[in-house]
Amino acid sequence: MAHGGARAQEFGHDAVIVCDNLLRVYQTDTVEVQALQGLDLLVHDREMVAIVGASGSGKSTLLQVLAGVDAATAGRARVAGHDLLGMTRRERVHYRRHVVGFVRQQSSRNLVPYLTAAQVVDLPQSFAGVPRRERRQRTEELFETLGVQHCTDLKPHQMSGGEQQRVAICVALANRPQVLLTDEPTGELDSASAQEVFAALRTANREWGTTVVIVTHDAGVSGQVARTVAIRDGRTSSEVLRSDGAEGVPGIAEEFAVMDRAGRVQVPREFREALALTHRVRLALTEDSIEIRSDRGGER
Ligand SMILES: Nc1ncnc2c1ncn2[C@@H]1O[C@H](COP(=O)(O)OP(=O)(O)OP(=O)(O)O)[C@@H](O)[C@H]1O
């Protein structure tokens, strides 16, 4: 039991994605940008989670760290048991090829202009050494499940934006990753095509048990997933949990603030402005709540 107890204390020991106090600092000649400022995040196996936030809040940086294409400056990031800050080059190649699938922000970067859908989905499987017959079967299975069989012999310029994105999702899923990371998968799409892409992501999540993370600045995504995590200034600030409604009836969504392990909570700007809260506030513990009051009359 002592062993189990010790494990239970480790932050996120049972999560597929663990970000613990993650920091990413970009250093240029003149400025230092803290894109991630001590971000904590847990995602569990088979979850489908959306990450929302304003432009510049750190969403893409987070996804690139999780995808293994960028390295955090400090903190801990673990995905499916892989420690992302301590991986060798070789481990990183294996990780990117087999453990995570990544759909990048610009759809054109996910496909190759002169390759057909079938050829581009074949590529990652071929790099992984999968025999030709199995590759063909997997490609057909992906196209059928995500509804893009008709794109098999088409090149990107012959497909709609939504079809391109669904083929890009097939590429990312080709080697059966445990985790699928998508950066603004519906950013350039009309709402009907966006719905088809969300449906494809849900299908992957349901059919293959893939854990799906969707980064978007579209707050409307909350209606598509059970959990939405909001990032503000490089930190997770709030979460919306949506319970499943009955068939055809939307579920109920409830918003929570996120408290990190040091006890920090971000007070939303509207709340701060409504009470003119500045850098110092009064906290009071009542029987079942904590009050935050302005420090009127106090020195700044
Ligand atoms: N390579 C880089 N060099 C310097 N600063 C960067 C770099 N990449 C990102 N940043 C900065 O880090 C911060 C977070 O950027 P990031 O792209 O992660 O935000 P985002 O929430 O994904 O925004 P968007 O929705 O516009 O893509 C921003 O201030 C951005 O300017």
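Quick caveat, the model's predicted, so the values are computed rather than measured.

What counts and how
Residues numbered from 1 in each chain as written. Predicted model: local features only at pLDDT ≥ 70, side-chain atom pairs only at ≥ 80, totals over all residues. Helix = DSSP H or I, 4+ residues; strand = E, 2+ residues; numbered from the N terminus. Rg over C-alpha atoms; globule rule 2.2 N^0.38 Å. Buried ≥ 20, exposed ≤ 12 C-beta atoms within 10 Å, placed from the backbone. Contact = placed C-beta atoms within 7 Å. Near = placed C-beta within 6 Å. Nonpolar A, V, L, I, M, F, W, Y, C, P; charged D, E, K, R; others polar. Pairing = 2+ DSSP bridges. Axes fitted to C-alpha atoms, helices over the stretch in contact; angles between N-to-C directions. pLDDT = per-residue confidence, 0-100. Parallel < 35°, antiparallel > 145°, perpendicular 65-115°, else oblique. Left-handed = near helix turned anticlockwise from the far one by under 90°.

**Student:** Explanation requested: the overall build of the protein in the structure shown.
**Tutor:** Within the protein one finds eight helices and 13 strands. The C-alpha atoms of the protein give 21 Å as radius of gyration, which agrees with the globular expectation for 300 residues (19 Å, within 12%). Each principal axis of the C-alpha distribution contributes one length, and for the protein these read about 75 × 50 × 45 Å. Counting the 300 residues in the protein, one finds 34% classified as buried. A fraction of 62% describes how many contacts in the protein between residues 6 or more apart in sequence connect residues 24 or more apart.

**Student:** What's the story with the site of the ligand in this structure? I'm lost.
**Tutor:** Around the ligand lies a shell of 13 residues, among which Tyr 26, Ala 35, Ser 55, Ser 60 and Thr 61 are the nearest. Elements supplying a minimum of two residues to the shell around the ligand: β2 (32–43) and α2 (59–66). At three residues, the largest contribution of residues to the shell around the ligand is made by α2. Class assignment for the residues of the shell around the ligand results in three nonpolar, nine polar and one charged.

**Student:** How should the pairing of strand β6 (residues 100–103) be read in this particular structure?
**Tutor:** It is a general feature of regular strands that their side chains alternate between the two faces of the sheet. Burial along β6 is two-sided: the face carrying Val 100 and Phe 102 and the face carrying Gly 101 and Val 103 are both buried. Across four bridges, the pairing between β6 and strand β7 (residues 179–183) is parallel. In the sheet register, Gly 101 faces β7, and the bridge partner there is Leu 180.

**Student:** Is there a simple way to think about the sheet that holds strand β10 (residues 235–242) in this case?
**Tutor:** Sheet strands pair via backbone hydrogen bonds, and the direction of the pair is either parallel or antiparallel. Strand order in the open sheet made by the seven strands is β6-β7-β8-β3-β9-β10-β11, with mixed pairing throughout. Here the strands that pair on one side only, and so sit at the sheet edges, are β6 and β11 (253–257). Pairs of neighbouring strands in the sheet enclose a mean axial angle of 20 degrees, with direction left out of account. Seen against the sheet, helix α6 (residues 161–173) touches β6 and β7 and runs at an angle of roughly 155 degrees to β6. Contacting β3 (48–52), β7 and β8 (211–216), helix α7 (residues 191–208) crosses the sheet at an angle of about 155 degrees to β8.

**Student:** What exactly am I supposed to notice about the confidence of the model for the protein here?
**Tutor:** On average, residues of the protein carry a pLDDT of 88, and 93% of them reach 70 or more. Interface predicted TM-score (ipTM) for the complex: 0.95; the corresponding pTM is 0.87.

**Student:** Explain the sheet that holds strand β4 (residues 74–79) here, please?
**Tutor:** Read from one edge to the other, the open sheet built from four strands follows the order β2-β1-β4-β5, with strand pairing classed as antiparallel. Both outer strands of the open sheet, β2 and β5 (82–83), are each paired with one neighbouring strand and no more. Sheet topology note: the β4/β5 ladder contains two bridges and is antiparallel. Across the sheet, the residue bridging to Val 79 is His 82, located in β5.

**Student:** What should I look at first to understand the packing of helix α4 (residues 117–127) against α6 in this one?
**Tutor:** Where α4 meets α6, the closest approach of the two axes is 8 Å, and the angle between their N-to-C directions is 25 degrees. Here α6 runs roughly parallel to α4, going by the angle between their axes. Viewed along their axes, α4 and α6 form a crossing whose handedness is right-handed. Touching Ala 117, Val 120, Val 121 and Pro 124 of α4 are Val 167, Cys 170 and Val 171, all from α6. Here the residues of the contact of α4 with α6 are counted per class, giving seven nonpolar, no polar and no charged.

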